[in-house]
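Survey of secondary and tertiary structure
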Amino acid sequence: MKTDRKYILGLIGCGHMGMAIARGAVLSGELERYQICIYDPSEAIRKNAETEGFTVMKTSKEAAGACHITLLAVTPQHIETVLKELKGADIDVILSIVTGVSIKHVQDALDNVPVIRSMPNTPLQIGEGATALCMSSNCNADDYDFVFQMFSQMGAVCTVKEEQMNDIVAVHGSTPAYIYYFVECILKDAVSRGIDETTARTLLVQTVVGTGKLLVKNADKPLSALIDEVCTEGGTTIEAVAEMKAQHMDKIIHDADEKCIKRAEQLGK
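Residues numbered from 1 in each chain as written. Predicted model: local features only at pLDDT ≥ 70, side-chain atom pairs only at ≥ 80, totals over all residues. Heavy atoms only, no water.

Here the focus is the nonpolar core. Of all hydrophobic cores here, the largest spans 33 residues; its most connected members are Ile21, Met150 and Phe151. Looking at this core, the elements with two or more residues in it are β1 (7-12), α1 (16-27), β2 (36-39), β4 (67-72), β5 (93-96) and α6 (141-152). Sorting elements by how many residues they give to this core places α1 first, with seven residues. Not counting residues up to four positions away in its chain, the partners in contact with Ile21 are Leu71, Ile97, Leu124, Met150, Phe151 and Met154. (Core = buried A, V, L, I, M, F, W, Y, C linked by side-chain atoms within 4.5 Å. Buried < 20%, exposed > 50% of the residue type's maximum accessible area, 1.4 Å probe, protein only. Helix = DSSP H or I, 4+ residues; strand = E, 2+ residues; numbered from the N terminus. Contact = heavy atoms within 4.5 Å.)

Structure, rendered in structure tokens:
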């Protein structure tokens, strides 16, 4: 990827996810700190970014004009304000992680600028993230490849159709919270039975980590087979799983996903 801009990546919005991407790009070796510029309306965030060695810009428009790839990392509630601020800016490429906001919406606001739309998740901050990507028809393949490679250094990356981007949020975007909640429920139940919380959490967290690694190792194995390996006939686990099925856990997940996806669609409007 060739560019005559001073910076390769410019962040507009430096919250938890935005900074995770900036730090991840540096830790992976994809970018140096001097190749990243940042703008955020919060003085505290700007000072923190400057302390970490990133260049801080005075306005969002200045950041966009100085970099090749402009990362929109603001909340959906603030996207309209940011798009108005960027109107007329000299932008090469937009990389948006704003949930629910379509490529067309960004292009309509910014004179058909090339757009890469991304849905990452929070484990990205430790190099174990999952990211879905799609791009506009006028996006340069080299730019898309660079972004794909950048995220691949922070975890798994998949290219999806844009019409699936709202649905995909329920696959990996929001699911870290699902998993945290599931862990919390098991932990609370363990404590209620008199088990020491620290002990229960240590064993439970390691079980989640180990189970995830087994899923990676057995990527081609049917999930039903993995379940059966733990659910010995006449044993304890099979009783628990049977109760989850009786309580229609699959429907609970489906209904939760429906709420999640509907909200993503609302945010896009």
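Here we come to the pattern of salt bridges. Summed over all chains, the structure comprises 11 salt bridges. The salt bridge involving Arg23 is made with Glu52; its shortest N-O contact spans 2.6 Å. Linking Arg23 in helix α1 with Glu52 in the loop between α2 (43-51) and β3 (55-56), this pair joins segments that are 29 residues apart in sequence. Exposure remark for Arg23: the relative accessible area of 33% places this residue in the partly exposed category. (Salt bridge = Lys/Arg side-chain N within 4 Å of Asp/Glu carboxyl O.)

One non-glycine residue, Asp111, adopts positive backbone phi at about 55 degrees. For Asp111, a relative accessible area of 58% puts it in the exposed group. If you check the backbone angles, His248 has positive phi at about 60 degrees while not being a glycine. Accessibility expressed as a relative area gives 47% for His248, which makes it partly exposed.

A few words now on the sheet that holds β1. If you trace the eight strands from one edge of the open sheet to the other, you get β3-β2-β1-β4-β5-β6-β7-β8, paired in mixed fashion. Of all the strands in the sheet, the pair left with one neighbour each is β3 and β8 (155-159). Where β4 lies against β5, four bridges are found, and the strand directions are parallel. For Leu72, the partnering residue across the bridge sits in β5 and is Ser96. Its contacts with the sheet put helix α4 (residues 79-86) on β1 and β4, and the angle it makes with β4 is roughly 155 degrees. (Pairing = 2+ DSSP bridges. Axes fitted to C-alpha atoms, helices over the stretch in contact; angles between N-to-C directions.)

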